[in-house]
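# Analysis of the macromolecular model
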Amino acid sequence: MDKFEPKIITFACNWCTSAGADLAGTSRMEYLPNSINIRVMCSSRVDPQHILWAFRKGADGVFLGGCHPGDCHYIDGNYKTLRRIKMLQKLIQDFGIEPDRLRLEWVSAAEGKKFVEVINEFTEHVRKLGPLNIPADLSSHEAS
């Protein structure tokens, strides 16, 4: 049997997590290739609909990275993100999606090694969960 390779969508804050991912790359640190990184200006700019869309379109896991609390370029964007993710983890459970398929981490621009570690750990965790079999009622509510 073929080994399951999870598909992970990563939303990364431009100022911190994305810069941490860049540092990992320029430092030639390797991490699992299962993630598609999407740079956003602030973690708070990721609407819950973006996360639900990622799951509907085949993501087995969604990772959101932002600035450490107190270090947000936009003052309190990461606090808004934290509240949204906690709410969204409860909501996706109602859709039959395990809440730990959605992960939020604070990764600064100087933490390339941390970025590699959390992405690898999250990828392995999602691999153990197996493929996300989206419930039919969630995937059939496609927005035009």
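Residues numbered from 1 in each chain as written. Predicted model: local features only at pLDDT ≥ 70, side-chain atom pairs only at ≥ 80, totals over all residues. Heavy atoms only, no water.

## Quick notes on the pairing of strand S1 (residues 8–13)
Burial of S1 is extensive: 6 of the 6 residues sit out of reach of the surface. Where burial is concerned, the two faces of S1 agree: the one with Ile8, Thr10 and Ala12 and the one with Ile9, Phe11 and Cys13 are both buried. Note: S1 against strand S2 (residues 35–40), 6 bridges, orientation parallel. Residue pairing for S2: isoleucine 9 is matched across the bridge by isoleucine 36. Each parallel crossover has a hand, and the one from S1 via helix H1 (residues 17–26) to S2 is right-handed. Here S1 runs beside strand S3 (residues 61–66); their pairing, made up of 5 bridges, is parallel. What sits directly across from isoleucine 8, in S3, is glycine 61. (Buried < 20%, exposed > 50% of the residue type's maximum accessible area, 1.4 Å probe, protein only. Helix = DSSP H or I, 4+ residues; strand = E, 2+ residues; numbered from the N terminus. Pairing = 2+ DSSP bridges. Right-handed = clockwise from strand over helix to strand, strands pointing away.)

## Here we look at unusual backbone geometry
The phi dihedral of arginine 28 is positive, around 60°, even though this residue is not glycine. Locating arginine 28 in the fold gives a position in the loop between H1 and S2. Residue classification places arginine 28 among the exposed residues on the basis of a relative accessible area of 73%. Although it is not a glycine, isoleucine 75 sits at a positive phi angle of roughly 70°.

## Considering the sheet that holds S1
Within the open sheet, the 4 strands sit side by side as S2-S1-S3-S4. Their pairing is parallel. Across the chains shown, the open sheet's two edge strands, defined by having one partner strand only, are S2 and strand S4 (102–106). Direction aside, neighbouring strands of the sheet carry axes that sit 20° apart on average. Of the strands in this sheet, S1, S2 and S3 touch H1, which is tilted by about 110° from S1. (Axes fitted to C-alpha atoms, helices over the stretch in contact; angles between N-to-C directions. Contact = heavy atoms within 4.5 Å.)

## Quick look at the pairing of S4
Across the 5 residues that make up S4, a large majority, 5, are buried. Burial along S4 is two-sided: Leu102, Leu104 and Trp106 facing one way and Arg103 and Glu105 facing the other are all buried. Across 5 bridges, S3 lies against S4 in parallel orientation. Of the residues in S4, the one forming a bridge with valine 62 is leucine 102. For the crossover from S3 across helix H3 (residues 77–94) to S4, the handedness is right-handed.

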